[in-house]
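Spelled out, the chains give:
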Amino acid sequence: MTEPVKWVPDDVDEEVPSAARLYDYLLGGAHNFAADRALAEKFLSALPSARDVARLNRAFLRRAVVHMGQRGVRQFLDVGSGIPTVGNVHEIAQSADPEARVVYVDYESVAVAHSQLLLEGNDRATILQADLADPASILQHPETRRLLDFDQPIGLIMAGVFHFVPHEADAPGIIAHYRDALAPGSFLALSHFTADISPDEMAGVVEVMRRSSDPIHTRTHAEITELFTGFELVEPGVVGTALWRPDRPEQAADEPGGSQIYAGVGLKP
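A brief structural summary. (Residues numbered from 1 in each chain as written. Predicted model: local features only at pLDDT ≥ 70, side-chain atom pairs only at ≥ 80, totals over all residues. Heavy atoms only, no water.)

## What to know about the nonpolar core
And then number 1: Core analysis: the largest hydrophobic core is formed by 31 residues, its most contacted members being L77, V79, M158, F162 and Y178.
And then number 2: Those elements that provide at least two residues to this core are β1 (75-79), β2 (101-106), α6 (135-139), β4 (155-159), α8 (171-181) and β5 (187-193).
And then number 3: The element that contributes the greatest number of residues to this core is α8, accounting for 4 residues.
And then number 4: Filtering out sequence-adjacent residues up to four positions away, F162 remains in contact with L132, A171, I174, I175, H192, R219 and L227.
And then number 5: By size, the runner-up hydrophobic cluster in this structure holds 26 residues, among which are F60, A64, I92 and V239. (Core = buried A, V, L, I, M, F, W, Y, C linked by side-chain atoms within 4.5 Å. Buried < 20%, exposed > 50% of the residue type's maximum accessible area, 1.4 Å probe, protein only. Helix = DSSP H or I, 4+ residues; strand = E, 2+ residues; numbered from the N terminus. Contact = heavy atoms within 4.5 Å.)

## Examining empty space enclosed by the protein
And then number 1: For the structure shown, the criterion picks out 1 cavity of 30 Å³ or more.
And then number 2: Approximately 70 Å³ is the volume found for the largest cavity.
And then number 3: If you trace the largest cavity, you find it lined by R58, L61, D78, S81, G82, P84, N88, V89, Y104, S115, L118 and L119.
And then number 4: Counting only elements with at least two residues in the lining of the largest cavity, the list comes to α3 (50-70) and α5 (109-118). (1 Å grid on protein atoms, 1.4 Å probe; cavity = no way out; pocket = protein on both sides within 12 Å on 5 of 7 lines; lining within 4 Å. Points joined across faces, edges and corners; volume = space filled by probe spheres on them.)

## Details of the side chain of R63
And then number 1: One can find R63 in helix α3.
And then number 2: Within the buried core, R63 has no salt-bridge partner, and the shortest N-O distance to an opposite charge, that of D247, equals 4.9 Å.
And then number 3: Excluding residues within four positions of it along the chain, R63 makes contact with T241, A242, W244, R245, P246 and D247. (Lys, Arg positive; Asp, Glu negative; His and termini not counted. Salt bridge = Lys/Arg side-chain N within 4 Å of Asp/Glu carboxyl O.)

## Section: α5
And then number 1: The element α5 is largely enclosed, with a buried count of 7 among its 10 residues.
And then number 2: Those residues of α5 lying buried are S109, V110, A111, V112, A113, H114 and S115.
And then number 3: If you follow the buried residues of α5, they end up packed against α1 (19-26), β2 and β3 (125-129).
And then number 4: For α5, the N-terminal capping position is held by E108, with its side-chain oxygen 2.8 Å away from the main-chain nitrogen of A111. (Polar contact = N/O pair within 3.5 Å; in protein donor to acceptor, adjacent residues only side chain to side chain.)

## A short note on the pattern of salt bridges
And then number 1: Scanning all chains against the criterion turns up 10 salt bridges.
And then number 2: Across the salt bridge formed by D123 and R124, the nearest N and O atoms sit 3.5 Å from each other.
And then number 3: Residue classification places D123 among the exposed positions, given a relative accessible area of 51%.
And then number 4: R179 serves as the salt-bridge partner of D180, at 3.2 Å between the closest nitrogen and oxygen.
And then number 5: A relative accessible area of 55% places D180 in the exposed class.
And then number 6: Classification of R179 by relative accessible area gives buried; the value is 17%.
And then number 7: Overlapping salt bridges, with partners in common, bring together R21, D36 and E108 in one network.

So far we have only geometry, and geometry alone does not tell us how the molecule works.
Here is the structure:
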């Protein structure tokens, strides 16, 4: 008899696509279902550069973690972490300092189950199943408090996740709750879909994602910048993912899909 696949929890409806599994597919991962792949193909039809958008967002995450590590951050709270793929936060942080600690958070069951498998034996990293819109449940969780010292700087990461928070949910207020819990010297790394550059393409993406469990809500440059209230933006500020401290500046401006997602890092003074 075939054993059940460990990364598919019993309560997952494989017919309902999710953003985490769609993103996994765009990045070339294998932890997705037929419904996710079908939605992803529609996503690609609406936004042909979607695979590049996903790749560039992941590359921004890596550079942001490296930047925070270079400034002394040794503990990270990755909210909306998604399904693990190459270059996870704990891999980046712990390669620089094996003592670095990471708490991942996601509400999608497959993301949590696969993260649990990946983190087996790593006592300095864990995954919580929780909703980013309920900061208290994350900040006060026993596992969060076990691994993270809130008297010391923390790298708060919200990469490619806040565009799932609807406009009526007071996104700045949600982030303020997290910010107020952080010690001075902490950072916020955030990236977010925008319709500023390609409104017609993004309108198509929004329409496609209406059919998923995770509708997308784009925000303008000004609205995304507002999410950094209380933080001092690190140069170059809020820019397209490809333009945030690129490894190869001479190539960054020509990256396809580099302006569909704005990204930035802020320091809490």
